[in-house]
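Descriptive analysis of the structure
Residue strings, one per chain:
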Amino acid sequence: MAMSSLLSPLSFTVKSFPLVSLRHPSLLSLTTKLRCPKPRERRRPFTAQAKGSNSADAPDRLISAVCYFYPFFDGIQYGKYVLTQFTPMQLLIQPLVPAIRVFKSFPFNGFLVFLTLYFVVVRNRNFSRYVRFNTMQAIVLDVLLIFPDLLERSFNPRDGPGLDLVMSLDSTVFLFLLVCLIYGSSSCLLGQVPRLPIVAEAADRNQT
């Protein structure tokens, strides 16, 4: 990273050239050519910026915060075990029930929302990079739900240790989605940039 020892300016000793004046034009041009090139600037991490300001404006924050509800609504079924065992969790989700019912009312709603977010928001340069980055994070998070879904379809035990394993997996996926929703939405409302584990790198690559 640091190359201070290699980037120190070159120096010349006058003793080895006693008859040469340092004001000679050829010597000045030589020292100019031998100057060490400037080090390349490191790529700065993405910060929240919208329309040239230092922080995302209110509409960008709101749009970005709403996007994180998409993977949570799409994976709400993984909370069936947690919600039936913990009443406080039911009270936390209760205000979202009407929106979840609308989202689940049509089988292709999830796919339609995916297409809308990707082609209308992520691929649209009219939106700020802040909005497109957070929207892409929500999309990648939703795509990852394919893996637990495939596992449940291929391995669906009725009882025993297999059922305990599925319950643990579903509960872990649901809690992860809930944490991502709370962290992502609250960070966006505060104008910060949430970087979700696993999905942030993929969202960054899509923005280049």
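Not measured: the values here are computed from a predicted model.

What counts, and where the lines are drawn
Residues numbered from 1 in each chain as written. Predicted model: local features only at pLDDT ≥ 70, side-chain atom pairs only at ≥ 80, totals over all residues. Heavy atoms only, no water. Buried < 20%, exposed > 50% of the residue type's maximum accessible area, 1.4 Å probe, protein only. Helix = DSSP H or I, 4+ residues; strand = E, 2+ residues; numbered from the N terminus. Arc of directions from axis to C-beta. Contact = heavy atoms within 4.5 Å. Polar contact = N/O pair within 3.5 Å; in protein donor to acceptor, adjacent residues only side chain to side chain. Patch = residues over 30% accessible without salt bridge, like charges linked within 9 Å, V, L, I, M, F, W, Y side chains within 5 Å. Areas by Shrake-Rupley, 256 points an atom, 1.4 Å probe, with all protein chains shown as cover. Salt bridge = Lys/Arg side-chain N within 4 Å of Asp/Glu carboxyl O. Disulfide = S-S within 2.5 Å. Core = buried A, V, L, I, M, F, W, Y, C linked by side-chain atoms within 4.5 Å. Axes fitted to C-alpha atoms, helices over the stretch in contact; angles between N-to-C directions. Parallel < 35°, antiparallel > 145°, perpendicular 65-115°, else oblique. Left-handed = near helix turned anticlockwise from the far one by under 90°. Nonpolar A, V, L, I, M, F, W, Y, C, P; charged D, E, K, R; others polar.

Moving on, we come to helix H2 (residues 58-67). Three- or four-residue spacings in an α-helix give side chains the same orientation, since the helix completes a turn every 3.6 residues. Taken together, the buried positions of H2 are occupied by Asp60, Ser64, Ala65 and Cys67. Take H2 and look down its axis: the buried residues cluster within an arc of 155°, on one side only. Across from the buried face of H2, at angles greater than 90 degrees, the exposed residues are Ala58, Pro59 and Leu62. Summarising the contacts, the buried residues of H2 are in contact with helix H3 (69-74), helix H7 (109-122), helix H8 (129-143) and helix H10 (160-189). Its side-chain oxygen 3.2 Å from the backbone nitrogen of aspartate 60, aspartate 57 forms the N-cap of H2.

Right, let's get into a nonpolar patch on the surface. A grouping of Phe106, Phe108, Phe111 and Leu112 is seen on the molecular surface, where their side chains present a nonpolar patch of about 430 Å² in accessible area. Topologically, phenylalanine 108 is positioned in the loop between helix H6 (97-104) and H7.

If you check the backbone angles, isoleucine 198 has positive phi at about 80° while not being a glycine. Mapped onto the elements, isoleucine 198 comes out in the loop between H10 and helix H11 (200-207).

Our next topic: the state of the cysteines. Overall, the coordinates contain 0 disulfides when judged by the stated rule. Cysteine 67 carries a free sulfur, and the closest cysteine sulfur to it, the one in cysteine 188, is 8.1 Å from it.

With that settled, the discussion passes to the nonpolar core. Counting 37 residues, the largest nonpolar core has Phe72, Ile93 and Phe174 as the members making the most contacts within it. Secondary-structure elements contributing two or more residues to this core are H2, H3, helix H4 (80-85), helix H5 (87-93), H6, H7, H8 and H10. It is H8 that provides the largest number of residues to this core, a total of 8 residues. Excluding residues within four positions of it along the chain, isoleucine 93 makes contact with Phe72, Ile76, Leu83, Ile100, Phe174 and Leu178.

Among the structural elements, asparagine 109 can be located in helix H7. Setting aside residues up to four positions removed in sequence, asparagine 109 forms contacts with Val102 and Phe103.

In this section: the packing of H7 against H8. As a packed pair, H7 and H8 sit with axes 10 Å apart at the nearest point and diverge in direction by 155°. As the angle between them shows, H7 and H8 are arranged roughly antiparallel. As H7 runs across H8, the sense of the crossing is left-handed. Counted together, Phe114, Leu117, Tyr118, Val121 and Val122 of H7 and Val131, Arg132, Thr135, Met136, Ile139 and Val143 of H8 form the full contact between these two elements. Classifying every residue of the contact of H7 with H8 by side-chain character gives 9 nonpolar, 1 polar and 1 charged.

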